[in-house]
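If you want the building blocks of each chain, they are given just below.
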Protein chains: 2
Amino acid sequence: MKILLKIAYIGTAYCGYQVQPNGISIQQKLNEAAKALFGFPCDIVGCSRTDSGVHAKEFCATVAKKGTDSLETSIPLSRIPLAMSAYLPQDICVFAAESVPNDFHARYDVKEKEYIYRFFDRAVRDPFEVERSCHVPRTISDEALLRMNRAAKYFCGSHDFSAFMAQGSKVKSTVRNVTRAEVYRDGNAVIFRVSADGFLYNMVRIMAGTLLDVAYGKLCPEDMTKVIESRDRTRAGSTMPACGLYLNRVIY
Amino acid sequence: MKILLKIAYIGTAYCGYQVQPNGISIQQKLNEAAKALFGFPCDIVGCSRTDSGVHAKEFCATVAKKGTDSLETSIPLSRIPLAMSAYLPQDICVFAAESVPNDFHARYDVKEKEYIYRFFDRAVRDPFEVERSCHVPRTISDEALLRMNRAAKYFCGSHDFSAFMAQGSKVKSTVRNVTRAEVYRDGNAVIFRVSADGFLYNMVRIMAGTLLDVAYGKLCPEDMTKVIESRDRTRAGSTMPACGLYLNRVIY
């Protein structure tokens, strides 16, 4: 067996999930903590490669002894979250741990992931929202919110999402199956929540930018079909900043 | 006339609201921003003296030209929040401004203040709650929550709150009128919300510590009467840390 960790982090201080030559990554911090806790070097495999500044309410990663596909430890599974968190900085924590078979793969075995994009839409910034949402200084009206939600529904289903992929990305297939997409208000924030079997590079941030164009009247909800069918990145909206994006749930 | 500002801040980086010889205060930052915006030195009078590390969702303060009780400016009132926030660090903002008469006093004219104390009660810390709530590692059950709420109700009314005041504090009267007190769950946090015509030094933080004693069975709700009537600080609970405390609303 190996161990599957559920992790939460504030991405602001990191260069993203994956180890990079320049900058400190979440993966590096997990590597250091696992080595300190288990007493030997470990391989950490994450469920996805979140970008610099992106947050996670639930990120999943497996730990195995370096160069192997299993982990042996006398530490009870129930004590691992607290014990490993003690070796991590304040902006990263492990909040759950479970055992998984040796052949389990944290990335390839993902069935569905859910992301949240958080817009803060009051004129003046809110200190509690700084780096935790994307500040859009024009208020989104109730009517605009309904339009955004209507537009989001067009994402549902299996589509070629090339129009919503950062240009220059290389993937075998640009078809993804979106299982849920909705926009709703949460206090002073507007939330875009989307689930899919997988996401293309920058897909959620481009979807969020496109929905903002709908909010501000540059696009209408019915335009979504044409934008998706165009497979043309220039037809979709801007790539919104990383600070508003949260990996929210991972289902295996 | 002078100007009443509504301000929000994260208190973590500051030595408290009031100017101190050592450490940077919220008041100092407001002073600097007001001078930069209006072009002359100003007097800032705040609604209360929050301690180091305490946050504010709504703090009120007046601005007048230094040594006077009025402010003349050509800047429209509606533009002041955004303009003044531009001169403030990211963890402080002015979100509203209104004009008040020259004899208005930001502290003495307060009719009611509302504070919130935020407990985070999951075993493992949450990065998003660090320095924004008080982490209590034992979960508060639904039943314990109901007991806390029942205990909080004993605070309501006009009482001598000497038992809930930091020892050595000097005030003319230790009687305060609590108009509302309740405990409820908000996701992974437990909230204690309390309103009164005024608060003694550390009063909310000691109330919060006493309610935690009720949650963990050291006190029962009915003990509150005896604790209040004792006027004895040693009968109440611990002073909880500043990071869980928020000034939430100020009514004039």
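### What about the pairing of strand β8 (residues 175–186) of chain B?
Residues and elements named next belong to chain B.
Logical step 1: As paired elements, strand β7 (residues 157–160) and β8 share four bridges and run antiparallel to each other. Paired with D160 across the two strands is V175, which belongs to β8.
Logical step 2: Where β8 meets strand β9 (residues 189–196), eight bridges bridge the pair, whose relative direction is antiparallel. Within β9, the position partnered with V178 by the bridge is A196.
Logical step 3: Counting the residues that bridge the hairpin from β8 to β9 gives two residues, and of these G187 lies at a positive phi of roughly 65°.

### Some words on empty space enclosed by the protein
Residue and element names in this part refer to chain B.
Logical step 1: Taken as a whole and assessed by the stated rule, the structure comprises one cavity of 30 Å³ or more.
Logical step 2: Volume-wise, the largest cavity comes out at about 30 Å³.
Logical step 3: Lining the largest cavity we find E112, K113, E114, S195, R249, V250 and I251.
Logical step 4: Among the elements of the structure, β5 (112–120) and β10 (245–251) are those that each provide at least two residues to the lining of the largest cavity.
Logical step 5: For the lining of the largest cavity, the per-class residue count stands at two nonpolar, one polar and four charged.

### Here we look at the side chain of R205 of chain A
Logical step 1: Tracing the backbone through its elements, the reader meets R205 of chain A in helix α4 (residues 203–215).
Logical step 2: Take R205 of chain A: its relative accessible area is 13%, and that puts it in the buried class.

### Comments concerning the layout of surface pockets
Logical step 1: As a volume, the largest pocket reaches approximately 1,600 Å³.
Logical step 2: In terms of lining residues, the largest pocket is bounded by 42 residues, among which K57, R118 and D186 of chain A together with R118 and E129 of chain B are the most central.
Logical step 3: Class assignment for the residues of the lining of the largest pocket results in 20 nonpolar, six polar and 16 charged.

### Some details on the domain arrangement of chain A
Residue and element names in this part refer to chain A.
Logical step 1: Domain annotation for chain A reports domain 1 (2–100) and domain 2 (112–251).
Logical step 2: The centre of domain 1, based on its C-alpha atoms, is set 28 Å off from the matching centre of domain 2.
Logical step 3: Each side of the interface is counted separately: domain 1 has 15 residues, and domain 2 has 15 residues.
Logical step 4: Taken together, both faces of the contact between domain 1 and domain 2 bury some 1,200 Å²; the carbon and sulfur share is 56%.
Logical step 5: On inspection of domain 1 and its partner domain 2, the count reaches one salt bridge.
Logical step 6: Linking R205 and D51 is a salt bridge whose minimum nitrogen-to-oxygen distance equals 3.4 Å.
Logical step 7: Considering only residue class, the side of domain 1 that touches domain 2 consists of six nonpolar, six polar and three charged.

### Details of the interface of chain A and chain B
Logical step 1: The interface is formed by 27 residues belonging to chain A together with 27 residues belonging to chain B.
Logical step 2: Buried area between chain A and chain B, summed over both chains or domains, comes out near 2,100 Å², and the portion from carbon and sulfur atoms is 62%.
Logical step 3: Contact with chain B buries surface across chain A, with R125, P127 and F128 of chain A losing the most and accounting together for 36% of the total.
Logical step 4: At the junction of chain A and chain B, the tally comes to 10 residue pairs in polar contact (both at pLDDT 80 or more).
Logical step 5: For the side of chain A that touches chain B, the element with the highest residue contribution is strand β4 (residues 92–100) of chain A, accounting for four residues.
Logical step 6: Of the residues in the side of chain A that touches chain B, the class split is 18 nonpolar, three polar and six charged.

### A look at the pattern of salt bridges
Pairs can form between side chains of opposite charge whenever their charged atoms are close.
All names here are of chain B.
Logical step 1: Overall, the coordinates contain 28 salt bridges over all chains when judged by the stated rule.
Logical step 2: Between K226 and D223 there is a salt bridge whose closest N-O contact spans 3.4 Å. Of this pair, K226 and D223 are both found in helix α5 (residues 223–230), three residues apart, which corresponds to roughly one turn of the helix.

### Focus: the relation of the copies chain A and chain B
Logical step 1: Expressed as a screw transformation, the operator carrying chain A onto chain B has a rotation angle of 180° and an axial translation of 0.0 Å, and the superposed copies differ by an RMSD of 0.0 Å. As the rotation angle and translation indicate, the two copies are arranged about a two-fold axis. Closest to the rotation axis within chain A is the C-alpha of F128 of chain A, separated from it by 5.2 Å.
Logical step 2: Here 100% of the interface residues in chain A have copies in chain B that are interface residues too; the copies meet face to matching face.

### Some points on the packing of helix α3 (residues 142–153) of chain A against α4 of chain A
All names here are of chain A.
Logical step 1: Orientation of α3 relative to α4, taken along the N-to-C sense of each, is 135°, at an axis distance of 8 Å. Taken together, α3 and α4 sit at an angle that is classed as oblique. As for how α3 packs across α4, the hand of that crossing is right-handed. Side by side, α3 and α4 meet where A144, R147, M148, A151 and A152 of the first sit next to L211, L212, V214 and A215 of the second.
Logical step 2: Considered class by class, the residues forming the contact of α3 with α4 number eight nonpolar, no polar and one charged.

### Some thoughts on the side chain of S85 of chain A
Logical step 1: Tracing the backbone through its elements, the reader meets S85 of chain A in helix α2 (residues 80–85).
Logical step 2: One polar contact links the side chain of S85 of chain A to the main-chain amide nitrogen of V94 of chain A, over a distance of 3.0 Å.
Logical step 3: Ignoring sequence-local partners within four residues, the contact set of S85 of chain A consists of I80, C93 and V94 of chain A together with V124 and R125 of chain B.

About the criteria used
- Residues numbered from 1 in each chain as written.
- Chains lettered and ligands numbered in written order.
- Predicted model: local features only at pLDDT ≥ 70, side-chain atom pairs only at ≥ 80, totals over all residues.
- Heavy atoms only, no water.
- Pairing = 2+ DSSP bridges.
- Helix = DSSP H or I, 4+ residues; strand = E, 2+ residues; numbered from the N terminus.
- 1 Å grid on protein atoms, 1.4 Å probe; cavity = no way out; pocket = protein on both sides within 12 Å on 5 of 7 lines; lining within 4 Å.
- Points joined across faces, edges and corners; volume = space filled by probe spheres on them.
- Nonpolar A, V, L, I, M, F, W, Y, C, P; charged D, E, K, R; others polar.
- Buried < 20%, exposed > 50% of the residue type's maximum accessible area, 1.4 Å probe, protein only.
- Domains from an automatic or database assignment.
- Contact = heavy atoms within 4.5 Å.
- Buried area = accessible area lost by both parts, 1.4 Å probe.
- Salt bridge = Lys/Arg side-chain N within 4 Å of Asp/Glu carboxyl O.
- Polar contact = N/O pair within 3.5 Å; in protein donor to acceptor, adjacent residues only side chain to side chain.
- Least-squares fit on C-alpha atoms with pLDDT ≥ 70 in both.
- Axes fitted to C-alpha atoms, helices over the stretch in contact; angles between N-to-C directions.
- Parallel < 35°, antiparallel > 145°, perpendicular 65-115°, else oblique.
- Left-handed = near helix turned anticlockwise from the far one by under 90°.

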